[in-house]
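Survey of secondary and tertiary structure
Below are the chains, spelled out letter by letter.
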Amino acid sequence: MSDDKKFFPISRERESVPYESAEAAWFWFVMAQQARNDGARIAAGQGLYTRPCEPMDILKVAERLYRNRMLVMDHFHVLRHYGRRQYAPDVRRVKEQRAHKFWSEAMERIEPILIRKGIVEKLGGAGYQNWARDASIYEKVAAE
């Protein structure tokens, strides 16, 4: 089996909604981990939107990059710190410029893998291309 398929796809009747970016996927992962640490039981299919992966799939991508020396521990410190705050470091703030460098490097390395696995949807140059499809998915969810 190729490395691209080593994740746990969620198969349900409803169509899954991929993330808009690696940042969105990372923030979701951090929130899921925080909820798990606080005692929540994570169960597939319980959220408002059906996602194409489990939280651990995103961590596995990051861990693989670390084992292949594409990410270093400084990347993980920044990812954890700003992931818990739910915002990316701002390059315009002097104290966050170094963190922004590590954040950007990590996202540049994580995002292509998540796109290849179908966890993140690659956006076209003219904005989000599948907005009409997703709107219909959200309408179906609200009607249920």
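If you're wondering where the values come from, they're calculated on a predicted model, not measured in any experiment.

Regarding the overall build of the protein
- The helix and strand tally for the protein stands at five helices and zero strands.
- For the protein, the succession of helices and strands along the chain, N to C, is α-α-α-α-α.
- Looking at the protein residue by residue over its 144 residues, the buried ones come to 32%.
- The contacts in the protein between residues at least 6 apart in sequence include a share of 76% that link residues at least 24 apart.

Observations concerning the nonpolar core
- Among the nonpolar cores identified, the biggest contains 27 residues, and Trp-26, Ile-58, Leu-79, Trp-103, Ile-110 and Leu-114 are the most heavily contacted of them.
- The greatest single-element share of this core, amounting to eight residues, is contributed by helix H4 (residues 97–117).
- Among all residues touching Ile-58, those that are not within four sequence positions of it are Ala-25, Trp-26, Trp-28, Phe-29, Cys-53 and Leu-114.

Here's the deal with the pattern of salt bridges
- Scanning the entire structure with this criterion turns up three salt bridges.
- Its salt-bridge partner being Arg-93, residue Glu-96 comes within 3.5 Å of it at the nearest N-O pair.
- We classify Arg-93 as partly exposed; its relative accessible area is 47%.
- Of the charged contacts in the structure, one is a salt bridge between Lys-101 and Glu-105, with a shortest N-O distance of 3.3 Å.

Quick word on the packing of helix H2 (residues 55–67) against H4
- Interaxial distance between H2 and H4 falls to 10 Å at its minimum, and their mutual angle equals 130°. Here H4 runs oblique to H2, going by the angle between their axes. In the crossing of H2 with H4, the sense of the turn from one axis to the other is right-handed. Across the interface between the two elements, Ile-58, Val-61, Ala-62 and Leu-65 from H2 touch Arg-109, Ile-110, Ile-113, Leu-114 and Lys-117 from H4.
- Residues that form the contact of H2 with H4 fall into these classes: seven nonpolar, no polar and two charged.

Topic: the side chain of Asp-57
- Assignment of secondary structure puts Asp-57 in helix H2.
- Buried within the structure, Asp-57 lacks any salt-bridge partner; its nearest side chain of opposite charge belongs to Lys-60, at an N-O separation of 4.9 Å.
- Reaching out from Asp-57, the side chain makes a polar contact with the backbone nitrogen of Glu-54 at a distance of 2.9 Å.

Section: H4
- For H4, spanning 21 residues, the distance from its first C-alpha to its last is 30 Å, which sits close to the expected 30 Å at 1.5 Å a residue.
- Of the surrounding elements, those touching the buried residues of H4 are helix H1 (22–37), H2 and helix H3 (73–85).
- Remark: Gly-118 follows H4 within two positions and exhibits a positive phi of approximately 85°.

Description of the confidence of the model for the protein
- With 71% of its residues at a pLDDT of 70 or more, the protein shows a mean pLDDT of 81.
- Element-level mean pLDDT values for the protein span from 56 in helix H5 (residues 131–143) up to 96 in H3.

Here's the deal with unusual backbone geometry
- The phi dihedral of Arg-69 falls on the positive side, at around 60°, and the residue is not glycine.
- Within the secondary structure layout, Arg-69 lies in the loop between H2 and H3.
- Residue class for Arg-69 comes out exposed when judged on its relative accessible area of 76%.
- The phi dihedral of Gln-86 is positive, around 65°, even though this residue is not glycine.
- Structurally, Gln-86 is set in the loop between H3 and H4.
- Residue Gln-86 is classed as partly exposed on the basis of its relative accessible area of 31%.

Rules behind the numbers
Residues numbered from 1 in each chain as written. Predicted model: local features only at pLDDT ≥ 70, side-chain atom pairs only at ≥ 80, totals over all residues. Heavy atoms only, no water. Helix = DSSP H or I, 4+ residues; strand = E, 2+ residues; numbered from the N terminus. Buried < 20%, exposed > 50% of the residue type's maximum accessible area, 1.4 Å probe, protein only. Contact = heavy atoms within 4.5 Å. Core = buried A, V, L, I, M, F, W, Y, C linked by side-chain atoms within 4.5 Å. Salt bridge = Lys/Arg side-chain N within 4 Å of Asp/Glu carboxyl O. Axes fitted to C-alpha atoms, helices over the stretch in contact; angles between N-to-C directions. Parallel < 35°, antiparallel > 145°, perpendicular 65-115°, else oblique. Left-handed = near helix turned anticlockwise from the far one by under 90°. Nonpolar A, V, L, I, M, F, W, Y, C, P; charged D, E, K, R; others polar. Lys, Arg positive; Asp, Glu negative; His and termini not counted. Polar contact = N/O pair within 3.5 Å; in protein donor to acceptor, adjacent residues only side chain to side chain. Expected span 1.5 Å × (residues − 1). pLDDT = per-residue confidence, 0-100.

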